[in-house]
Each structure stands twice: as structure tokens, then as C-alpha cells.
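Residue-level structural notes
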Amino acid sequence: MASSNLLIISLAFSAMMFMSSTPVYAQLSSNFYTKSCPQVLSTVKAAVKQAVAKEKRMGASLLRLHFHDCFVNGCDGSVLLDDSNSLTGEKTAVPNANSARGFDVIDNIKTQVEKVCSGVVSCADILTIAARDSVVELGGPSWTVPLGRRDSRTASKSGANNNIPPPTSSLSNLISKFQAQGLSTKDMVTLAGAHTIGQARCTNFRARIYNESNIATTLATSLKGNCPRNGGDNNISPLDLQTPTGFDNNYYKNLKSQKGLLHSDQQLFNGGSTDSQVNSYVSNQNSFYSDFAAAMVKMGNIKPLTGRSGEIRKNCRKPN
């Protein structure tokens, strides 16, 4: 009888330990705001629709902000914080300086959301929803966004510099950077498909078009006029020349033709372990869409602040 009681106690303790070690993102829920802010999804969608209609490129910019947020201490809205006397933000980190954009759009969405439910929805959740809606607006897949993130009170410039893969990354470096965030090689190749929209600065692909051999001659030649050997660092070119504002699988088709704009892009199809996945997305856009939706949910689950951690910022640019 005593041994039986001990077994019951042991099993109960094990269950408690299991529950306490469950990932914190289990607290996120697609219906988190159903009662507290039922209009949040429609409000964000309308604002994103307006912003993308005004400038197609904004869809890619908002999606990129979400990536850069999640790769630094999780999806906590830290990328939105401005520098202040008491805080060094992430906006001046190398991956963000002179390139991260869309902050004013997030400010506008926050203002609209505050009108329908004040002090309820985090900036981190707004950014996550906006990323999904941006993809949809540009013709890509939709997915259900788990919600309930809270906003960080701090940021990490060093985290942004170290965690976000640079455009010069090798395949092994890309894989390790994504693995550090709990994302698989498959997730990495899938999420790289976000480069089917958006633009990149000359400084990020100059070395590729002048020095690399695994690039289509026609592409290199066409880019040199807008990206000279010296100067023009901030001149931009589309990551996908065919449909730069359409979310499709042309990014992967470009890689097969050695037309990846960035060095890191072409690494995904360069005789390595990820070639087969690129091939699969070239032949099946729906497969890319479904995998992208799943990978975005997974990325959005990176170390969110929930419960009593963090806060709900009044202004996305500064802690309360």
C-alpha cells in the first residue's frame, strides 16, 4: 500500500514537472482577444491593406520586421523600440540600420487598435498579425496566428548584430543561425522564401555581382548599372526580379537559374543539402505555401513573453 502511494506521488510530481517545463508559447492562443478585443484582427487587416495599397513594398518591410524581431530574444516587439537615454534599441544594428522600415505603419495600426480596445493588444502581437496580413495582401497564403504575446521593456543591439543571418552567410552559417532559434533546416529554406518579395540594398549584393561565378551573367550585368563598384550603397533592387510584389514561388525558380540576388540566397541552391527542397518548391507552389504558413507559426512562437512577463506598451517605440 505504501509503495502504491509512493508511486502515485511520484507520478503526480512527474506530471507537475512536465507541465512546468512545457514551452511558454503553449500559452498563446488564436482566440486570445476574442472577448477583450474582438475587433483586433479586422482592424489590423484594414490598416495593413491600406498601407500595402499605398506602397506595395511595405508588405515585405512589415514581414521583415517580424523576422528581425523574433530572432532577437524572441517575438517581443523589441525591434520597435527607439534609442533613449536609458535604452539602446535594435534599429541601429547592422541588419536594421538604413533598411528596417514600416515603423510608422505599426504606429498607425497601434493607434487604430487602441481606439477599439485601449491597453489590451501588445505591439508584438500587432507586428505578428501584420506580417501575416502582408503576405495575404501580396497574394500569399494565410494562417491562424496564435496570440497573447506581451512587449519587452528592453532591446538588444548585440543580439540583432549576432543573431540575424547576414546576406554574406554560407549555407552552414544559415543553418546554425536558424537552429539557434529552434528552427530546422527545412524551416530555414521555407522562410527564406519571404525573399520572393521586397528589395535589397546595393551594399548587400555588390560583392556577389562583381566577384561571384555562380550568378547568371544577365542578372549581374543588369544590376551593375544600379550598383556600381563604388558608391550607391543604398540603391535598391528587387530580391525577385520577376514578381517583386507578388508572393509566389519565383524566388526558388530564380535560385535554379542562378538568379538569387544575395549570396545567402544562392547558397540554398548551390550543390548542397538544400537543393532538393528548392526543387520541390519550384514544382509545387502549394507545398511552399503550406510549409511557409507552418514555419511562420513556428517562428512566431520563439520565446514570447506571456502572463505577467513584459507589458502592453502604450507606444510601440518606448516602454511604458
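A quick note: this is a predicted structure, and the numbers were derived from the prediction, not measured.

What follows concerns unusual backbone geometry. The phi angle at N73 is positive, at roughly 60 degrees, despite the residue not being glycine. With respect to the helices and strands, the residue N73 is situated in the loop between helix 3 (57-70) and helix 4 (103-116). Overall, the relative accessible area of 43% leaves N73 in the partly exposed class. With phi around 40 degrees, K303 is a residue other than glycine that occupies positive phi space. You can see K303 is positioned in the segment after helix 14 (285-300).

What the rule picks out here adds up to four disulfides. Here C70 is linked by a disulfide to C75, with a sulfur-sulfur distance of 2.0 Å. Residues C70 and C75 are joined through a disulfide that is right-handed, its torsion about the S-S bond being 120 degrees. The two residues C70 and C75 agree in class, both being buried. If the cysteines joined by disulfides in the protein are listed in sequence order, their pairing comes out as 1-4, 2-3, 5-8, 6-7.

Across all of its chains, the model carries two cavities of 30 Å³ or more by this definition. Approximately 50 Å³ is the volume found for the largest cavity. Along its surface, the largest cavity is lined by H66, T128, A131, R132, W143, V145, P146, R149, M296, V297 and G300. Elements with a contribution of two residues or more to the lining of the largest cavity: helix 5 (123-137) and helix 14. Of the residues belonging to the lining of the largest cavity, the class tally is six nonpolar, three polar and two charged. As a volume, the second largest cavity reaches approximately 30 Å³. Surrounding the second largest cavity, K56, R57, A60, I197, G198, Q199, P244 and T245 form its lining. Counted by class, the lining of the second largest cavity contains three nonpolar, three polar and two charged residues.

Once that is clear, we can look at the pattern of salt bridges. Evaluated as defined, the whole model comprises 13 salt bridges. Ionic pairing is found between D82 and R317, a salt bridge with its closest N-O pair at 3.4 Å. With D82 in the loop between helix 3 and helix 4 and R317 in the segment after helix 14, the pair connects residues that are 235 residues apart, well separated along the chain. K186 serves as the salt-bridge partner of D291, at 3.8 Å between the closest nitrogen and oxygen. Within this pair, whereas D291 is found in helix 14, its partner K186 is found in helix 8 (residues 185-192), the two being separated by 105 residues in sequence. Given the relative accessible area of 45%, K186 is considered partly exposed.

In terms of nonpolar packing, the biggest core is built from 70 residues, with L63, I106, I109, L268 and F292 touching the most fellow members. In this structure I109 touches V44, A47, V48, I126 and A130, once residues within four positions along its chain are discounted. Listed in part, the 14 residues of the second largest apolar core include A216, C227, L239 and L262.

It is worth spelling out the confidence of the model for the protein at this point. For the protein, mean pLDDT is 93; residues scoring 70 or higher make up 92% of the total. Here residues 1-26 is a poorly scored stretch, pLDDT under 50, and it has four contacts once near neighbours within four places are set aside; other chains count.

What counts, and where the lines are drawn
Residues numbered from 1 in each chain as written. Predicted model: local features only at pLDDT ≥ 70, side-chain atom pairs only at ≥ 80, totals over all residues. Heavy atoms only, no water. Helix = DSSP H or I, 4+ residues; strand = E, 2+ residues; numbered from the N terminus. Buried < 20%, exposed > 50% of the residue type's maximum accessible area, 1.4 Å probe, protein only. Disulfide = S-S within 2.5 Å. 1 Å grid on protein atoms, 1.4 Å probe; cavity = no way out; pocket = protein on both sides within 12 Å on 5 of 7 lines; lining within 4 Å. Points joined across faces, edges and corners; volume = space filled by probe spheres on them. Nonpolar A, V, L, I, M, F, W, Y, C, P; charged D, E, K, R; others polar. Salt bridge = Lys/Arg side-chain N within 4 Å of Asp/Glu carboxyl O. Core = buried A, V, L, I, M, F, W, Y, C linked by side-chain atoms within 4.5 Å. Contact = heavy atoms within 4.5 Å. pLDDT = per-residue confidence, 0-100.

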